[in-house]
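# Tertiary structure, described
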Amino acid sequence: MELPLAIHKDPNSVYGVTIPDVPGCYSFGDSIDEAIKNAREAVYSHFEAMVEQGDALEVKASKIEDLTKEEDFVGAIWALVDIDLSKIDAKPERINISLPRFVLKKIDNFTESRHETRSGFISRAALAVIAEEMETA
């Protein structure tokens, strides 16, 4: 899916990016190329946060021709960013993993006491480790 980007540049500032079809998602860059690259990352991060919070991911790409008529986008430089929504698919997928029985028992005891599922806990734990690693990288 290609999403339109509205890029603005004020004197003595970076290039600011608004993603009209993703409310609350903005980005910037020192160059137009960097602004587009950063906007792509911002959209993926925004969508991932929505999915993690259980929000519905309903996105419809507007036509640039229609957006140019809006007052907020007067003078914008327009670009398109390609977003692969399959990368953020929240649909559960069954997998087969092997864990030592004592680890599985600990997971089950932990999740049962918190009214959580085994799958939910493993997903949450994996995402926490990934986020922690990304911060230190």
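Figured I'd write up the structure that's included with this text. Worth saying up front: this structure is predicted, and the values here are computed from it rather than measured. (Residues numbered from 1 in each chain as written. Predicted model: local features only at pLDDT ≥ 70, side-chain atom pairs only at ≥ 80, totals over all residues. Heavy atoms only, no water.)

The next thing to look at is the nonpolar core. Side chains of nonpolar character tend, in soluble globular proteins, to be buried together. Among the nonpolar cores identified, the biggest contains 20 residues, and Leu3, Leu5, Ile19 and Phe47 are the most heavily contacted of them. Only β1 (2–9), β2 (15–18), α1 (32–52) and β4 (77–82) provide two or more residues apiece to this core. When residues in this core are grouped by element, the largest group, seven residues, is from α1. Contact partners of isoleucine 19, with chain neighbours within four places excluded, come to Leu3, Pro4, Leu5, Cys25, Tyr26, Ala39 and Val43. (Core = buried A, V, L, I, M, F, W, Y, C linked by side-chain atoms within 4.5 Å. Buried < 20%, exposed > 50% of the residue type's maximum accessible area, 1.4 Å probe, protein only. Helix = DSSP H or I, 4+ residues; strand = E, 2+ residues; numbered from the N terminus. Contact = heavy atoms within 4.5 Å.)

Another aspect to go through is the pairing of strand β3 (residues 26–29). A one-sided burial pattern is seen for β3, the buried positions being Ser27 and Gly29 and the unburied ones Tyr26 and Phe28. Two strands pair when backbone bridges link them, and β2 and β3 are joined in this way by four bridges, in the antiparallel orientation. Its bridge partner lying in β3, threonine 18 is registered against tyrosine 26. (Pairing = 2+ DSSP bridges.)

Going through the model one piece at a time under the given rule, you end up with three salt bridges. The closest approach of N and O atoms between lysine 37 and glutamate 41, which form a salt bridge, is 3.4 Å. A residue pair is termed a helical-turn pair when its members lie 3 or 4 positions apart in one helix, as lysine 37 and glutamate 41 do in helix α1 at four residues. Lysine 37 sits in the partly exposed class, given a relative accessible area of 47%. Given a relative accessible area of 43%, glutamate 41 falls into the partly exposed group. (Salt bridge = Lys/Arg side-chain N within 4 Å of Asp/Glu carboxyl O.)

Here threonine 117 shows up in the loop between α3 (101–113) and α4 (118–136). A C-alpha to C-alpha distance of 9.4 Å links threonine 117 and isoleucine 107, two positions 10 residues apart in sequence. Here the side chain of threonine 117 touches glycine 120 through a polar contact of 2.9 Å, landing on its backbone nitrogen. (Polar contact = N/O pair within 3.5 Å; in protein donor to acceptor, adjacent residues only side chain to side chain.)

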